[in-house]
Amino acid sequence: MMALGKLGGREPNYHSDCDVVFLYDHDGETDGSNKTSNSHFFNELSRRIIKLTTGIGVHGRLYEMDGSLRASHQHAPLAISLHDYDEYLNSGEVPYWQYQGMCKARVIYGHSISRQTVEASVREALLHCPSKDLIAREIHQTRIELERGASARNLKRGVGGTMDVEFIVQSLQLRHALDHPEILVTGTLDAIKILTATGLLSDDDGQLLEKTYEFLRSIESGLRLMDTLDRHDIPESLGQLEQLAFLLGYDSSQALVTVCDRCRRENRARFTHLVSK
């Protein structure tokens, strides 16, 4: 099992989805009297894991796990072999958004040899991401497309939201990993520290992005503790806004909104500057 997203980056929030993909060692057949193909066995096992994890029982749901994610292309089986995964990574057909996803890929379960194989394949793909001169443009375009449909209050996909910071980090990782392989760490904040240490981010930019990212994620945590309907949106209701401000230690809702707006402006300014270079 390989984790992606917030789980891969060791930065899940309250109610965060668990994004995972499933891989198995090799094609062939299972042992025993009721033989079946490894593909059938591991796909069925993967479906059962998702069902058990996401099913609602007496005490509620354990985790939210996305069953639509695939290790390769959209129409691939739920679980694929390591050989097929490696072939896909070397096919020249991997879209940039999937390279971005691999920046947070982390093997969370499996045999030690299989783990090393997957980690090596992912690392090699990230080091040799093709057309490095196009990465910034592609990531910039993807980010702007993701803003569509997001409300102005959205702290994730909206202008200056957490995605601005994550896309800055992933853009720098994909463009410079071959010369600075040490920047390939999965956590956003850890990556910002290393990108700053290597000089790929200025001290000012690194410190500011750390601060704004932590701040916006803390608001998301507050919203989820309040169990609001929109987990990424600053509340429109004054009552909810005041409750959020109190939860986060602000004297007033206006003080919280002022800081939030400033952080988002700073994020967008740096996204425009760093991802458009």
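Look up a bit, the structure's there.
Parameters and conventions
Residues numbered from 1 in each chain as written. Predicted model: local features only at pLDDT ≥ 70, side-chain atom pairs only at ≥ 80, totals over all residues. Heavy atoms only, no water. Helix = DSSP H or I, 4+ residues; strand = E, 2+ residues; numbered from the N terminus. Rg over C-alpha atoms; globule rule 2.2 N^0.38 Å. Buried < 20%, exposed > 50% of the residue type's maximum accessible area, 1.4 Å probe, protein only. Contact = heavy atoms within 4.5 Å. Lys, Arg positive; Asp, Glu negative; His and termini not counted. Charge placed at Lys NZ, Arg CZ, Asp CG, Glu CD. Pairing = 2+ DSSP bridges. Polar contact = N/O pair within 3.5 Å; in protein donor to acceptor, adjacent residues only side chain to side chain. Arc of directions from axis to C-beta. Patch = residues over 30% accessible without salt bridge, like charges linked within 9 Å, V, L, I, M, F, W, Y side chains within 5 Å. Areas by Shrake-Rupley, 256 points an atom, 1.4 Å probe, with all protein chains shown as cover. Salt bridge = Lys/Arg side-chain N within 4 Å of Asp/Glu carboxyl O.

A.B. asks: Before we move on, could you go through the overall build of the chain and cite the residues and values that matter?
C.D. replies: Secondary structure assignment for the chain yields 11 helices and seven strands. On C-alpha atoms alone, the chain measures out to a radius of gyration of 20 Å, which is about the 19 Å that the 2.2 N^0.38 rule sets for 277 residues. The principal-axis extents of the C-alpha atoms in the chain amount to approximately 70 × 50 × 30 Å. Across the 277 residues of the chain, 46% fall into the buried class. Pairs at least 24 residues apart make up 61% of the contacts formed inside the chain by residues separated by at least 6 positions. If the 31 positive side-chain charges of the chain are averaged to one point and the 39 negative ones to another, these points end up 3 Å apart.

A.B. asks: Quick rundown of unusual backbone geometry? Include the residues and the values.
C.D. replies: The backbone of Arg 10 sits at a positive phi, close to 55°, despite the residue not being glycine. Turning to its location among the elements, Arg 10 is positioned in the loop between helix H1 (5-8) and strand S2 (17-24). Look at Arg 10 and you get exposed, because its relative accessible area is 61%.

A.B. asks: Help me get a handle on the pairing of S2, residues and values and all.
C.D. replies: Burial of S2 is extensive: six of the eight residues sit out of reach of the surface. Relative to S2, strand S1 (residues 2-4) runs antiparallel, the two sharing three bridges. Across the sheet, the residue bridging to Ala 3 is Val 20, located in S2. One ladder, built from two bridges, connects S2 with strand S5 (residues 64-65); its direction is parallel. Following the sheet pairing, Cys 18 is matched in S5 by Met 65. Where S2 meets strand S6 (residues 79-81), three bridges bridge the pair, whose relative direction is parallel. By the bridge assignment, Tyr 24 is partnered in S6 with Ser 81.

A.B. asks: Summarise the side chain of Arg 143; cite the residues concerned and give the values.
C.D. replies: Within the secondary structure, Arg 143 sits in helix H6 (residues 132-147). Judged by relative accessible area, Arg 143 falls into the buried class, the value being 0%. Polar side-chain contacts of Arg 143 include one of 2.9 Å to the backbone oxygen of Arg 157. At a separation of 2.6 Å, a polar atom in the side chain of Arg 143 contacts the side chain of Asp 164. Residues in contact with Arg 143, not counting those within four places in the same chain, are Lys 156, Arg 157, Gly 158, Val 159, Gly 160, Gly 161, Met 163, Asp 164, Phe 167, Arg 268 and Phe 271.

A.B. asks: Tell me about helix H3 (residues 82-89), residues and numbers included.
C.D. replies: Within the span of H3, buried status applies to Leu 82, Tyr 85, Tyr 88 and Leu 89. Down the axis of H3, the buried set is contained in an arc of 125°. They therefore lie on one face. Lining the buried residues of H3 we find S1, S2, S6, helix H4 (96-102) and helix H5 (112-127).

A.B. asks: I'd like a description of a negative patch on the surface, backed by residues and values.
C.D. replies: A cluster of acidic residues, Asp 27, Asp 84, Asp 86 and Glu 87, forms a negative patch on the protein surface. Its location among the elements puts Asp 84 in helix H3.

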